[in-house]
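# A look at the structure
Spelled out, the chains give:
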Amino acid sequence: MKYRTAVISTEFMENRVKEAILPFEERCTFTAFYYKQSSEIPEIYKSIEDKYDGFIVNGIISRALLRAACPDTKKPIETFHVDMLAYYQELFRLMTLTPDLKAERLYADFMMGKNIREAVENDTLDAEGDNFCNMVAHMSLEELKALRYKMVEDVRKKWEAEQIDQVITRLSTAAEDFKEMGIPCHFVYPGIPYMRDVVNRLLMTIEMDKMKESMPAVINITGDRGGQNRDELEELAMQTAILQFSKENDCDFMLQRHASVYEVYTSAGVVDRITEKYSVCMLKKYLERKTGARVCIGYGLGRDTTRARLEAMNANQESMMHPQGASYAIDEDENLIGPLVTGSCMILSTTPSQKYAKMAKETGISALTLQKICTVAQKQEEGTVTAQLLADSLGVTVRAASKYLQKMVAADAAQVVGTKQRKTRGRPEQIIRIPD
């Protein structure tokens, strides 16, 4: 079966892209989607995300814009980027064809109006290129959308003021603008060999993803009614609900029951789909609605069924310890993912690093719990938390969260940096900073 790849680019790049993808057309079907303004890229992507196995976008600005607009995307995305070597080659070509070219009157997009002759003479051209890439990577979505217009307007003003003679750019949308304005423009194309390397890398990533989709997965399911013994009819109701879920969601489930534990044998691709890429647990909601029982679920992935089964049991243990019984997963790299509740999911290693192993010994808190605490802190401004915030994030009581933080403070793994008045009566809460 051929893979399906979407190329999101401009018509300006059409012929170049066709030449680059030509050797891969037996392995992959390519479909081009063109935009006139880079701000259109996120909407194009969102409208076709589910229809393609992978994506190629044109340029680092397009990639950064897509990353900013769709930070949770899981599909592989590659970029036809233009590196500094391509700029050097274009500059050399221009200087060869135009011996009287004045470099200081050449506007290079990555220089944003700076004197290119000085950069060449001071050997800082590579650094300027790196600075531009770094600037783009840290721009907000709105800044990225405005970047092209900002540069085009800067070029127009300098052209009308007779400060520049030519422009060299990697932005195909801007190149069209300069052409309409009558400003001499030289477009820096990515090299064909490089573009083919990009396509090949994407296809290899897609292939790896497809292999992962078929990786063994086991779902460990337990349910109870608050300590009451379950009779055979209730057990049958749970089994029926699992099979109904499988049928309604077109899942390939093989179900086995061991006492009151249900094991579902399936694939990683199915787990990825029913957890919406490890963000929620559709199965838990469905089973609790159908049976009226509190359901705990653990998902396990492994390179063999035995490993997947073990990881599913371990993940279910995490679920049972969570106050709301939120589901967890452990992937093939032994990362604990959860709780599978929208907006609160964490990815933690079940194999503690030396840092967490040492901290666990000093604080008396498990390495996994310490990872959870530090992950919550890292998401906060300046790495500070309160017991209430930690309790809400981890699904534990405020008292338990407070004990964790006090143990870390006592072991010099955290510091009290201030206080915060509670919304309810009582003493102010301590604000705790946890270093990275």
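Relevant structure appears above.
The text that follows walks through the structure, step by step, so that each part is easy to find.

About the criteria used
- Residues numbered from 1 in each chain as written.
- Predicted model: local features only at pLDDT ≥ 70, side-chain atom pairs only at ≥ 80, totals over all residues.
- Heavy atoms only, no water.
- Helix = DSSP H or I, 4+ residues; strand = E, 2+ residues; numbered from the N terminus.
- Rg over C-alpha atoms; globule rule 2.2 N^0.38 Å.
- Buried < 20%, exposed > 50% of the residue type's maximum accessible area, 1.4 Å probe, protein only.
- Contact = heavy atoms within 4.5 Å.
- Lys, Arg positive; Asp, Glu negative; His and termini not counted.
- Charge placed at Lys NZ, Arg CZ, Asp CG, Glu CD.
- Salt bridge = Lys/Arg side-chain N within 4 Å of Asp/Glu carboxyl O.
- Pairing = 2+ DSSP bridges.

## Observations regarding the overall build of the protein chain
What the protein chain contains, in helices and strands, is 17 helices and 17 strands. Over its C-alpha trace the protein chain gives a radius of gyration of 28 Å, far above what one expects of a compact globule, namely 22 Å for 436 residues. For the protein chain, the spread of C-alpha atoms along the principal axes amounts to about 90 × 60 × 35 Å. For the protein chain, the proportion of its 436 residues judged to be buried stands at 46%. When contacts within the protein chain are restricted to residue pairs at least 6 apart in sequence, those whose partners lie at least 24 apart make up 59%. Considering the protein chain, the positive charge centre built from 57 side chains and the negative charge centre built from 63 side chains are found 6 Å apart.

## A few points about the pattern of salt bridges
Applying the stated criterion across every chain yields a total of 23 salt bridges. Across the salt bridge formed by Glu 43 and Lys 46, the nearest N and O atoms sit 3.9 Å from each other. Taken together, the residues Glu 43 and Lys 46, both in helix 2 (residues 41-48) and three residues apart, mark about one turn of the helix. Judged by relative accessible area, which is 46%, Lys 46 ranks as partly exposed. With a shortest N-O distance of 2.8 Å, Arg 148 and Asp 177 are connected by a salt bridge. With Arg 148 in helix 7 (residues 141-160) and Asp 177 in helix 8 (residues 172-181), the pair connects residues that are 29 residues apart, well separated along the chain. Through salt bridges with shared partners, a single network forms among Glu 104, Arg 117 and Glu 121.

## So, the sheet that holds strand 15 (residues 384-385)
Strand order in the open sheet made by the three strands is 15-17-16, with antiparallel pairing throughout. What marks the edges here is a single partner per strand, and that holds for strand 15 and strand 16 (415-420). Bridge count for strand 15 against strand 17 (residues 429-433) is two bridges, and the pairing is antiparallel. Bridge pairing in strand 17 places Val 385 opposite Ile 432.

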